[in-house]
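A closer look at the structure
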Amino acid sequence: MKRIVVLFVFLGLLGFLSESSAVAKNIDLSTVPDRDTVQLTIYNSADLTLVRETRKIVFRDGNNPLQFSWANTLIDPTSVQLRFLNHADKLDVLDTTFPHDRPQVLVWNVGSEHAGEATIEISYFTSGVSWSADYTVIANADESAASVEGYVTVSNQSGEDYENAEVRLVVGTINLVEQIAELARNAGRDPSELSRREQNFYQLDAARRSVAMADLLMAESAAVPASPAPKRIVKQGLSEYFIFAIEGTEDIGHNSRKRLASFAADAAPLKVQYRYRPREYGDQLVRLFLMTNDTASDMGVSPLPDGQVRIFRQKDDGTSGGGKGLSFLSRQHVKYIPIGDDLELNLGVDPDVGFELITQRTFRDNIWLQQRGVNVFKRIDEPGVKIHDNSTVAGWDQHWVMTRRIRNDTPRAIEVEIRQAVNGDATFISRLGAERFDNQTVVYGGTLGPGARFDAEYEVVGRHGHNAKQSRVEIVEGDPAPPAWLAEATD
Amino acid sequence: MVSRVYRGVLIPLDAENLLMKPLGRMLLIPVMMIALLVPSLAEARIKLITLPVRERVEIQLDHDTATLVEEERVVPLVQGVNQVDFSWANTQIDPSTIVFRVLGPPAPESGDVDTPEVNVLSVTYPPGENALVWQVSSSASTSVTVRISYLIGGLTKGFNYRAVAAYDESTLTLSQYIRVQNFAGEAYDDTEIYAGLGDTFLKPIGVNETKQMLVERFENLPVKKTYTADLHRFGWLDQTQYKLRVPMHYRIENAADAGLGQAALPAGKVRIFQKDSPDGETPGGATTAFLGEDFAPHTPIGNHADLFLGVAQDIVVKRTVEARKDDRLAGNLYDRRVTMKYEIENFKDEAVTLNLAEQIEALRRELGLASGQSAEWVLGEATTMRDGLIIDETNQQQITFAVDLPARNGDEAEKITHTLEIVFKNQW
């Protein structure tokens, strides 16, 4: 329902115009000019929508009171602004009154030297209108490519119906406060001393500037195709964010929710990788679908806004009428993906890929003792050294001989990457071709064929106490120590 | 046609009966606007509706926790913009997962009819209702098959097994069943049910119905009967007498040479029976006796499942700490020696092999030797079971020996004594 109303009040019939109260009369006559156009610019980083609407008004010479009311809506009254789109040099807002006896109403007193029609623009902020993005990813049966469909959904709980509205969706986190502060400084004001009303003024101005370029885009995309087709959503980067402009107009009624296709990529290249990265994915080997938001993937026109992704795979077993049936894989929320960046979809643990860590052996060597009260260290296995009974262990190397056992029971080869932290002053010994990821992290991996098993064997030597001289992991190519119990058993 | 307004649209009365069903309701309603095209559903008041029935339904149970339903319906579309209304009640459809795909003309027509261009223009969600409306454009008046996929709650699966062992317990027949429970509030007629392994089942499944189906039967699987004494996994039988509990397991290898090994065996309850006579000896076939049941874990290819059947009370294992000794290396640095003694008697009238195991860290805790870091250990000279070390079941955390036990000789069982010495090296 429409609750935002502009009344053109004919005070001339009353024969009297008060300077202080334009409409404090018991008998009024008013006309209700309709909206000609309305444009919504919806930010998803805050509950904020800039509404710009135009209406045609016939002015007469002299004073013209205009009443604007917004009962039961979520408009910020301090943000309401009136602008004249034509005859601006002959029209002027003489004063604005917020009547004390009527909430959610204001009255502009417009002085006019122009007798005739003029177009006005009323802009304001409202909350309660929001938008969100979501995606459907369907991998092909061999998981080499995927179709990606992006959607935007606009919801309106603002209390107002917006019919035939141009809709623009702002992608990215816009720090309006900063823009407000900058505008204030440009105007020679200290941002910290701005009143609420002044802040809103600058906020409106900032938002208005931020969408100025989108006007041009909307004009370019205004041509309506001859046959019904999904609406294009024009994407344009502006400063630190993007604006998605929905082609044509939409009815965005109160309590409504509407979802539109944003883009579709038919066969985006897909890479499957199994990763062990405890910092990112927990202590488990997870399967990932990796794609890139670029033109090679039929994407890359805009960043991908935060949103939920549903991931399916097409079945290939012939049980579903030409292999068109789906298997559900996962559902998750992805964060903002810039153009050119990777889209990583974590499908979780694959029960067909085993991953276990086996401790084959631990032992200590290079043990140093220190006599109590004396700053002398002696290594226990040094020939001819005599160690006083009153000595304690002050430094030692701890060896961990480990096996990461990986089992691939899937019907295809898998790529595995293991990234593990090795803390302290440590050495990582293996024949795995491990590389240093950072100061305390090693990374290794490879490809494992279908049905194959692999034992990734390595030894970590950690230097403790007096032995610890550094804080870094060094990587050494070599064989891990064999298990001692095995040596005993095979003696 | 007698009709009644339901949520702002006209629905034939016979269809209304469908709506009034107390259980779940799912409807797909393409709306043909015959007078003029009205862009908004909210504004359209006079409409003619067809109710396309489900042509085909698949229930995909291959995901661990989610159930995907895919249904195909043939939807008539007029040239221009159509509204297709999908609504549900008393079901647990997750609306955020609904995927609508146009497959093309229905199969019998697909050879003669040009594929129309069909596009989904938008989706609207009527406020306060379990429904959504697709705006679909079509380049021609035709019928197309659409596939609607969604996740649904309350429709779950589980696996269970029935194993019948031969009289001599050397082999068994394993039957794998899937049990589908439908508490989703929606009945599905002649549904293709895919469990993630095996074939697809074509079965109806009604509301609140549970259906159990045989997925596969594996005949003559070799089975190994094991007896294990391991204090820290299976506990005491009688702690005051130092007697260990000795469980008996059936071990089934999920391997190709054992008749399995094609796929992982999903977790599930296994009920185990045994034939009470050899095959062919009893007229009419052997009957079976219930041996016990256990919950089998998820068993990947190449792994084995140990099914616990019961405690073998005829194998008595007494475990005591025979000796402890600390060898000082220097200062506060020691090698700590622990010797365990096992006195074992087999009161069965057949020879068996006992697996004797120790969990190293649990043993250190038991003896008060645990510290922050795990310890290097080696077998000490007092160990008498070196020849029986099971390499595959021994690592830093566990040591396992196989001990052969002779059958009871008349009234007397031979007592076999073994010792295990473990040296924890470089401790302080």
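Residues numbered from 1 in each chain as written. Chains lettered and ligands numbered in written order. Predicted model: local features only at pLDDT ≥ 70, side-chain atom pairs only at ≥ 80, totals over all residues.

Per the secondary structure count, chain A includes five helices and 30 strands. Within chain A, buried positions represent 36% of all 491 residues. (Helix = DSSP H or I, 4+ residues; strand = E, 2+ residues; numbered from the N terminus. Buried ≥ 20, exposed ≤ 12 C-beta atoms within 10 Å, placed from the backbone.)

Our focus in this paragraph is the overall build of chain B. Counting secondary structure elements, chain B contains three helices and 29 strands. Residue pairs at least 24 apart in sequence account for 67% of intrachain contacts in chain B once pairs closer than 6 positions are excluded. (Contact = placed C-beta atoms within 7 Å.)

This brings us to the sheet that holds strand β6 (residues 67-77) of chain B. Residues and elements named next belong to chain B. Ordered in space as β8-β11-β6-β5-β14-β15, the six strands form an open sheet in which the pairing is mixed. Each having just a single partner strand, β8 (99-104) and β15 (201-205) make up the two edges of the open sheet. Averaged over all adjacent pairs, the angle separating strand axes in this sheet is 30 degrees, with direction ignored. Judged from the three bridges that link them, strand β5 (residues 54-60) and strand β14 (residues 188-194) form a sheet pairing that is parallel. (Pairing = 2+ DSSP bridges. Axes fitted to C-alpha atoms, helices over the stretch in contact; angles between N-to-C directions.)

This paragraph deals with the interface of chain B and chain A. Residue-level contacts link 58 residues of chain B with 50 residues of chain A. For the side of chain B that touches chain A, the element with the most residues is strand β9 (residues 118-124) of chain B, which contributes six residues. Grouping the constituent residues of the side of chain B that touches chain A by class yields 26 nonpolar, 24 polar and eight charged. As defined by bridge partners, strand β16 (residues 256-269) of chain A adjoins β9(B) across three bridges and the pair is classed as antiparallel. (Nonpolar A, V, L, I, M, F, W, Y, C, P; charged D, E, K, R; others polar.)

What follows concerns the confidence of the model for chain B. Residue and element names in this part refer to chain B. Summing up the model confidence of chain B, the mean pLDDT is 86 and the portion of residues at 70 or higher is 88%. Below pLDDT 50 for its whole length, residues 1-22 participates in 26 contacts with residues either more than four positions away or in separate chains. Confidence drops under a pLDDT of 50 for residues 33-45, and excluding neighbours within four residues, the segment shows 15 contacts in the predicted structure. Both confidence scores are given for the complex: pTM 0.83, ipTM 0.83. (pLDDT = per-residue confidence, 0-100.)

The next point concerns the nonpolar core. Ranked by size, the top nonpolar core spans 58 residues in total, and within it Val137(A), Ala146(A) and Phe289(A) carry the most contacts. Aside from chain neighbours lying at most four places away, what touches Val137(A) is Ala146(A), Val148(A), Val309(A), Ile311(A) and Leu345(A). (Core = buried A, V, L, I, M, F, W, Y, C linked by C-beta atoms within 7 Å.)

All names here are of chain A. Averaged over every residue, the pLDDT of chain A is 84; residues scoring 70 or more account for 80%. When the elements of chain A are averaged for pLDDT, helix α3 (residues 212-220) gives the smallest value, 49, and strand β26 (residues 425-430) the largest, 98. Every residue in residues 12-24 scores below 50 in pLDDT, and together they form 19 contacts with partners more than four places removed in sequence or on other chains. A low-confidence stretch, residues 216-227 (pLDDT under 50), is modelled with eleven contacts involving residues beyond four sequence positions or located in other chains.

Residue and element names in this part refer to chain B. Inspection of the secondary structure assignment puts Val102 in strand β8. Judged by the 19 C-beta atoms lying within 10 Å of it, Val102 falls in the partly exposed class. In this structure, the C-alpha to C-alpha distance between Val102 and Val144, residues 42 residues apart in sequence, is 7.0 Å. Sequence-distant contacts of Val102, defined by excluding residues within four places in its chain, comprise Val118, Val144 and Val146.

With that settled, consider the sheet that holds strand β26 (residues 352-359) of chain B. Residues and elements named next belong to chain B. Spatially, β23-β20-β17-β26-β28 is the arrangement adopted by the five strands of the open sheet, whose pairing is mixed. Either end of the sheet is taken by a strand with one partner, and the two such strands are β23 (304-311) and β28 (398-405). Sheet twist, expressed as the average angle between the axes of neighbouring strands with direction ignored, equals 35 degrees. Pairing analysis gives three bridges linking strand β17 (residues 224-229) to β26, with the strands arranged parallel. Opposite Tyr227, over in β26, you have Leu354 as the bridge partner.

Let us look at the pairing of strand β24 (residues 391-408) of chain A. All names here are of chain A. Judged by how many residues are buried, β24 sits mostly within the fold: 13 of 18 residues are covered. As judged from the 13 bridges shared by β24 and strand β29 (residues 453-465), these two strands associate in the antiparallel manner. Within the sheet, the bridge partner assigned to Arg404 lies in β29 and is Ala456.

This brings us to the environment of His254(A). Secondary-structure assignment places His254(A) in the loop between β15 (250-252) and β16. Separated by 110 residues in the primary sequence, His254(A) and Ser144(A) have C-alpha atoms spaced 43 Å apart.

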